[in-house]
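Residue strings, one per chain:
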Amino acid sequence: MLRELANVRQIAGEPRRRWFFCHEIDLVLFEDEQGICAFQLAYDKPRRERSLSWQRQGGFRHYLVDDGEPLARANRTPLLYANGPADHGAIIDTFLALAAELPPELKDFIVHKLREGAAAAVPEAP
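Presented here is an overview of the structure given in this document. (Residues numbered from 1 in each chain as written. Predicted model: local features only at pLDDT ≥ 70, side-chain atom pairs only at ≥ 80, totals over all residues. Heavy atoms only, no water.)

## A short note on the pattern of salt bridges
For the structure shown, the criterion picks out ten salt bridges. The salt bridge involving Glu31 is made with Arg18; its shortest N-O contact spans 3.5 Å. Taken together, the positions of Glu31 in strand E3 (residues 26–32) and Arg18 in strand E2 (residues 16–21) put the pair 13 residues apart, joining distant regions of the chain. Per residue, the accessibility class of Glu31 equals that of Arg18, and both read buried. Among the salt bridges present, the one from Asp26 reaches Lys45, with a minimum N-O distance of 2.9 Å. Here the residue Asp26 occupies a position in strand E3, and Lys45 occupies one in the loop between strand E4 (35–43) and strand E5 (50–55), the gap between them amounting to 19 residues. Across the pair, exposure class does not vary: Asp26 and Lys45 are buried alike. The structure contains a network of salt bridges with shared partners spanning Glu4, Arg16, Arg18 and Glu31. (Salt bridge = Lys/Arg side-chain N within 4 Å of Asp/Glu carboxyl O. Helix = DSSP H or I, 4+ residues; strand = E, 2+ residues; numbered from the N terminus. Buried < 20%, exposed > 50% of the residue type's maximum accessible area, 1.4 Å probe, protein only.)

In C-alpha cells:
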C-alpha cells in the first residue's frame, strides 16, 4: 500500500512536494495554492520502471527510467527516456490496488487525470 513519506525535501520557489511510496509504485505530488499542479507516478519499479508525469500546463509525458545502477554499489542518478504511449488502463488498475489508504480526494484526482489521459490517447474512429 502507498504510504506518505514524512519530511520530504521542499525546494524554495517550487510547489510543495508530497511523496507516497510502496514497493511497486511511487507517487510524487506537487501542490500550489490552486491544488495539485503536477504529479509523477513511477510504476513497475521492481521490473522495468517507467514514469508517467502530468502537469496542469503540459499534460502527460511517459518515460522509461534508467536507474543508473547496473551494479549494486553504483548509486548513479536515474535518467528518464521518452517511452511512447502508456497503458493507462493497467496503470489505473495498479494504482487503485495500492492506493486504498490515500486520502480520497487525492486518489480521485489521480484516477480522474489518468482516465483523461487514457481517453486522450485513444485515436478517434474515422
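That was the structure; now back to the text.
## Focus on the packing of aromatic side chains
Per the counting criterion, the structure on display carries three aromatic pairs. Ring centres of Trp54 and Phe109 lie 5.6 Å apart, and the angle between their planes is 70 degrees; on these two criteria the pair is classed as edge-to-face. Of the two residues, Trp54 is situated in strand E5 and Phe109 in helix H2 (residues 104–121); the sequence distance between them amounts to 55 residues. A relative accessible area of 6% means that Trp54 is categorised as buried. Aromatic rings pair up to connect Phe39, Trp54, Phe60 and Phe109 into one cluster. (Phe/Tyr/Trp six-rings, centres within 6.5 Å; stacked < 30°, edge-to-face > 60°.)

## Let's talk about unusual backbone geometry
Backbone geometry places Asn7, a non-glycine residue, at a positive phi of 60 degrees. Examined against the element boundaries, Asn7 turns out to sit in the loop between strand E1 (3–4) and E2. At Asp44, a residue that is not glycine, the phi angle is positive and equals roughly 55 degrees.

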